[in-house]
Amino acid sequence: MTALAFTEPGNLDHTTEIIPQWEQVREHLRREFGEAIFKSWLKPLCINDVRGGTVRLAAPTRFMRDWVISHYAERIRICWSALNAAISTVEVIVKLTPPPLAPADLPLALSPVTPSQPLSEPSLMDEEIIGIDRDVLGAALDPRFTFDNFVVGKPNELAYAAALRVAESQTAHFNPLFLYGGVGLGKTHLMHAIAWHIKTFHPKRRVIYLSAEKFMYQFVRALRYKDTVSFKEQFRSVNVLMIDDVQFISGKETTQEEFFHTFNALVDQNHQIIISADKSPSDLEGMEDRLKSRLGWGLVADIHPTTYELRLGILHAKADTLNIGIPKDVMEFLARKIISNIRELEGALNRIIAHATLVGREITLETTHEVLRDLLKANDRRITIEDIQKRVAEYYGIKISDMQSARRSQNVVRPRQVAMYLAKALTSRSLPEIGRKFGGRDHTTVLHAVRKVEEIRTQDREFSEDLDILRRTLEV
Ligand code: ADP
Ligand code: MG
């Protein structure tokens, strides 16, 4: 516990409120950033003092302070100001706190990094190693994220098949398996599913799953402890190494260097590596070229944005698991409207169920509208067919009016087909609706365009990359 120094004597309200507010802010951050990030970066922070509208938080190391300032301080300030308008600034300082003594739960297969220097008598030189959570090398697995609970559809079938193959195989397959796709589309779910599968069916195989951020954090910690040798050994002795959200190590050269060596060492021993990211290897910014190319050596599997059918399938699966009957029209409505990603779709379903349970009212289309008003609005503001037409026309250097025109020259037809394909993939519009927006074309024309684009993308790498770029620029 840190002693609080409030420099506004007499303003007791301020002091009594600030701690519960900090608790609320922490809870909020935990939900927003997830357990792993929270535990690594946010949990070790404590309140140092409050002066006027400025809260000063203390971080145990300089590295952590800098990281928190660049990544989370603004978020903390916004959350706090929302609770208490008097708080206008959040600062982070470095302050030593005693190191945690005992390692907590062990990682999946490895023992914790043992510091080469005693922790009990820190000198100032050691400042940066103090207080860093040094318990877990790998991260915990979510018990819900199994293959059984993963609904397979067109957008994720390749990623699913590859993940299952890797999980079932005793030797390395497609090394590395690189899974990429937008947020909330199931990358982490698939990685956990692989780990569960191996833990269940091949318990002797050593699996490590962790976020790239955590990998970086462990590595920096090992550097601080001057203990990179055991860091290397531990990572290099696993059979299956999974690193989630690898885009997080963009721009971090020393971490990339280490990652590259770990990567090569594992591949040389024919051990499996599985990576996820929000972009394809070649599109990862701030990554060394040799690392990018290495990441693309194995199988690169893209998880596409959801389709209506997949969304509906997922809703049915979730409702079945929860054993709750939900009217068909409500399910269809949700699948049509919540198109952003699966996390949001699940959130919507949970909200409806929670509401129904709490107020004891039946779930109907009407209550659904009511409960999800904000979410529906947000999803409505998403991509429109007009946005897609404009962006695709710009990309291929044709006129927007050609999206509707009857011109049939190849340089116009292909972009138009791409736009139709993206309209199908990224909006919840039906084929006839899409056809109408493209100069009143028939729904079969749209269907033909979608199939054609799907066919070409499997054969033409450049075309497939164009599609990915377009999709990504539309999705931001
Ligand atoms: P990502 O890591 O790609 O951001 P997650 O794996 O965290 O996404 O998935 C977000 C949520 O959606 C999780 O609760 C996950 O269980 C769920 N989810 C994603 N894809 C599927 C799927 N195909 N079937 C069932 N649930 C899914
Ligand atoms: Mg994830």
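Going by the structure above, here's the rest.
Residues numbered from 1 in each chain as written. Chains lettered and ligands numbered in written order. Predicted model: local features only at pLDDT ≥ 70, side-chain atom pairs only at ≥ 80, totals over all residues. Heavy atoms only, no water.

Peer 1: Looking at this model, I keep getting lost on the overall build of the protein. Mind explaining?
Peer 2: When helices and strands are tallied, the protein shows 20 helices and nine strands. When the accessible surface of the protein is split by element, carbon and sulfur atoms take 53% of a total near 22,700 Å². (Helix = DSSP H or I, 4+ residues; strand = E, 2+ residues; numbered from the N terminus. Areas by Shrake-Rupley, 256 points an atom, 1.4 Å probe, with all protein chains shown as cover.)

Peer 1: Teacher, can you tell me more about the nonpolar core here?
Peer 2: Soluble globular proteins tend to pack their nonpolar side chains together in the buried interior. Ranked by size, the top nonpolar core spans 54 residues in total, and within it Leu-45, Leu-57, Ile-76, Trp-80, Ile-243, Val-246 and Phe-259 carry the most contacts. It is helix α7 (residues 212–224) that provides the largest number of residues to this core, a total of seven residues. Apart from residues lying up to four places away in sequence, Leu-57 is in contact with Trp-22, Leu-45, Cys-46, Ile-47, Asn-48, Ile-76, Trp-80, Val-90, Glu-91, Val-92 and Ile-93. In this structure, Ile-388, Ile-398, Tyr-421 and Leu-422 belong to the second largest nonpolar core, which totals 27 residues. (Core = buried A, V, L, I, M, F, W, Y, C linked by side-chain atoms within 4.5 Å. Buried < 20%, exposed > 50% of the residue type's maximum accessible area, 1.4 Å probe, protein only. Contact = heavy atoms within 4.5 Å.)

Peer 1: Whenever I open this one, the pairing of strand β3 (residues 54–59) confuses me. Can you help?
Peer 2: Remark: a regular strand shows side chains that alternate across the two faces of the sheet. In terms of burial, β3 is a largely internal element, five of the six residues being buried. Here five bridges tie strand β2 (residues 46–51) to β3, and the two strands are oriented antiparallel to one another. By the bridge assignment, Cys-46 is partnered in β3 with Ala-58. Remark: two residues form the turn of the hairpin made by β2 and β3, two consecutive strands paired antiparallel; Gly-52 in that turn has positive phi of roughly 55°. Sheet topology note: the β3/strand β4 (residues 89–94) ladder contains six bridges and is parallel. Note that in β4 the partner of Thr-54 across the bridge is Thr-89. (Pairing = 2+ DSSP bridges.)

Peer 1: What am I meant to see in the pattern of salt bridges here?
Peer 2: Opposite charge on two side chains permits pairing when their charged atoms draw close. This model, assessed by the stated rule, comprises 24 salt bridges. Here Lys-154 makes a salt bridge to Glu-157, at a shortest N to O gap of 3.9 Å. With a shortest N-O distance of 2.7 Å, Asp-374 and Arg-351 are connected by a salt bridge. Here Arg-351 lies in helix α13 (residues 342–359) and Asp-374 lies in helix α15 (residues 373–380), a separation of 23 residues in the sequence. Overall, the relative accessible area of 47% leaves Asp-374 in the partly exposed class. (Salt bridge = Lys/Arg side-chain N within 4 Å of Asp/Glu carboxyl O.)

Peer 1: Just checking my understanding: could you explain the packing of aromatic side chains for this structure?
Peer 2: How two aromatic rings sit relative to each other is set out by the distance from centre to centre and by the angle between their planes. Counted by the stated rule, this structure contains 12 aromatic pairs. On the numbers, 5.9 Å between centres and 70° between planes, the contact of Phe-259 with Phe-263 is edge-to-face. Placement of the pair is Phe-259 and Phe-263 together in helix α9 (residues 253–268), with a separation of four residues, close to one helical turn. Note on accessibility: Phe-259 and Phe-263 belong to one class, buried. What links up through ring pairs into an aromatic cluster is the set Phe-215, Phe-219, Phe-231, Phe-235, Phe-259 and Phe-263. (Phe/Tyr/Trp six-rings, centres within 6.5 Å; stacked < 30°, edge-to-face > 60°.)

Peer 1: How do you make sense of the site of ligand 1 when you look at a structure like this?
Peer 2: Neighbouring residues of ligand 1: 18 residues in total, closest Val-151, Gly-184, Thr-188, His-189 and Glu-346. Within the side chain of Asn-156, an N or O atom sits 3.3 Å from a nitrogen atom of ligand 1. Gly-186 is positioned with one of its backbone polar atoms (N or O) 3.1 Å from an oxygen atom of ligand 1. Contact with the protein chains hides 95% of the accessible area of ligand 1, taken as 560 Å² for the molecule alone. At the level of elements, α6 (187–201), α11 (308–322) and α13 are the ones that each hand at least two residues to the shell around ligand 1. Classifying every residue of the shell around ligand 1 gives seven nonpolar, seven polar and four charged. (Near = heavy atom within 4 Å. Polar contact = N/O pair within 3.5 Å; in protein donor to acceptor, adjacent residues only side chain to side chain. Nonpolar A, V, L, I, M, F, W, Y, C, P; charged D, E, K, R; others polar.)

Peer 1: I'm lost on the side chain of Thr-54 in this one. Help?
Peer 2: Structurally, Thr-54 is set in strand β3. Leave out the neighbours within four places in its chain, and Thr-54 touches Asp-49, Thr-89 and Glu-91.

Peer 1: So what exactly am I meant to see when it comes to helix α8 (residues 228–236) here?
Peer 2: Helical geometry note: an α-helix holds 3.6 residues per turn, so side chains three or four residues apart project in the same direction. Among the residues of α8, Ser-230, Phe-231, Gln-234 and Phe-235 are the ones counted as buried. When α8 is viewed along its axis, its buried side chains cluster within an angular range of 130° and face the same direction. In α8, the exposed residues that point more than 90 degrees away from the buried face are Val-229 and Glu-233. Summarising the contacts, the buried residues of α8 are in contact with β6 (207–211), α7, β7 (240–244) and α9. (Arc of directions from axis to C-beta.)

Peer 1: Looking at this structure, how should I read the environment of Asn-341?
Peer 2: Relative to the helices and strands, Asn-341 resides in the loop between α12 (328–337) and α13. We classify Asn-341 as buried; its relative accessible area is 12%. Spatially, the C-alpha atom of Asn-341 lies 10.0 Å from that of Asn-379, the residues being 38 residues apart in sequence. Excluding anything up to four places from it in sequence, Asn-341 contacts Val-183, Gly-184 and Leu-185. Looking at Asn-341, its side chain comes within polar contact range of the main-chain nitrogen of Arg-343, at 2.9 Å.

Peer 1: Which parts of the structure should I look at to understand the packing of helix α16 (residues 385–396) against helix α17 (residues 410–426)?
Peer 2: In a packed pair of helices, the relevant descriptors are the angle between the two axes and the axis-to-axis distance. The geometry of α16 relative to α17 is characterised by a closest axis approach of 9 Å and an angle of 145° between their N-to-C directions. Of the two possible hands of crossing, α16 and α17 adopt the one that is right-handed. Residue-level contacts link Ile-385, Ile-388, Val-392 and Tyr-396 of α16 to Pro-415, Val-418, Ala-419, Leu-422, Ala-423 and Leu-426 of α17. (Axes fitted to C-alpha atoms, helices over the stretch in contact; angles between N-to-C directions. Left-handed = near helix turned anticlockwise from the far one by under 90°.)

Peer 1: Which parts of the structure should I look at to understand helix α19 (residues 443–459)?
Peer 2: When the terminal C-alpha atoms of α19 are compared, their 25 Å separation across 17 residues agrees well with the 24 Å that a helix rising 1.5 Å per residue should span. Residues of α19 that are buried include every one of Val-446, Ala-449, Val-450, Val-453, Ile-456 and Arg-457, and no others. All buried residues of α19 lie within an arc of 140° about the axis, which places them on one face of the element. Those residues of α19 that are exposed and aimed more than 90 degrees away from the buried face are Arg-451, Thr-458 and Gln-459. (Expected span 1.5 Å × (residues − 1).)

So far we have only geometry, and geometry alone does not tell us how the molecule works.
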